[in-house]
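Understanding the architecture of this molecule
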Amino acid sequence: MRTRTLLLLAITCGLAILIAGTVQILRLAGQDTQPILAVGATGAAGDAKVTVISFDETDGVATVKVTLSGVDDAEGLGGFTLVGPGATAAPNQRGGDACTGFTVAPVTCILTFGTATIDAGDRLLVFHRAAQSVRWRLV
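Residues numbered from 1 in each chain as written. Predicted model: local features only at pLDDT ≥ 70, side-chain atom pairs only at ≥ 80, totals over all residues. Heavy atoms only, no water.

A closer look at the state of the cysteines
As a reminder, the rule being used: Cysteine sulfur atoms that come within 2.5 Å of each other are treated as a disulfide pair. Going along the chain from the N terminus, every DSSP run of H or I of four or more residues is numbered as a helix, and every run of E of two or more is numbered as a strand. Exposure classes here rest on a 1.4 Å probe applied to the protein chains alone. A residue is buried below 20% of its type maximum, exposed above 50%, and partly exposed in between.
Tallied over the full model, the rule gives 1 disulfide. Each sulfur of the disulfide joining C99 and C109 lies 2.0 Å from the other. Taking the sign of the torsion about the S-S bond as the criterion, the disulfide between C99 and C109, at about 95°, is right-handed. In this pair, C99 sits in the loop between β6 (87-89) and β7 (107-114) while C109 sits in strand β7, placing the two residues 10 residues apart along the sequence. Here C99 falls in the buried class, since its relative accessible area comes to 4%.

The structure is reproduced here in structure tokens:
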């Protein structure tokens, strides 16, 4: 190959990389990021609304008092995850005031998570439904 051909090929590759980078920056700039909510705030994902009222963690068990509303869905609790350093936990409902699912009318109940395998530190409650997520910083 001649030198001129190699230079033209290098310029073409450089332009392709520049265009691809510009497209990626525009994609990232157009994303709507949801803020991380605090305890006491209400978030919505899909047709479900969740208000986190309080959080407590004692002896490897985290309890989150929530108000659930907006939709009738007995299986809706599967959208909750407690996230901590190095691990996550799904709700393992127990107790008389444990959440049993979503209803259209607001219901206040307790979500319970086992935290024995999660290192001490920050805690986030994540709720995912209908390709949308809401997050609360608990600690």
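Concerning the pattern of salt bridges
Formally: The term salt bridge refers to a pairing of a side-chain nitrogen on Lys or Arg with a carboxyl oxygen on Asp or Glu at a separation within 4 Å.
Counting across every chain of the model gives 4 salt bridges. A salt bridge links R123 to E57; its shortest N-O distance comes to 3.0 Å. Taken together, the residues span a long stretch of sequence, with R123 in the loop between β7 and β8 (124-129) and E57 in strand β3 (residues 48-58) at a distance of 66 residues. Judged by relative accessible area, E57 falls into the partly exposed class, the value being 30%. One salt bridge in this structure joins R137 and D122, with 3.8 Å as the shortest N-O distance. With R137 in strand β9 (residues 132-137) and D122 in the loop between β7 and β8, this pair connects stretches of sequence that are 15 residues apart. The partly exposed category is assigned to D122, whose relative accessible area is 47%.

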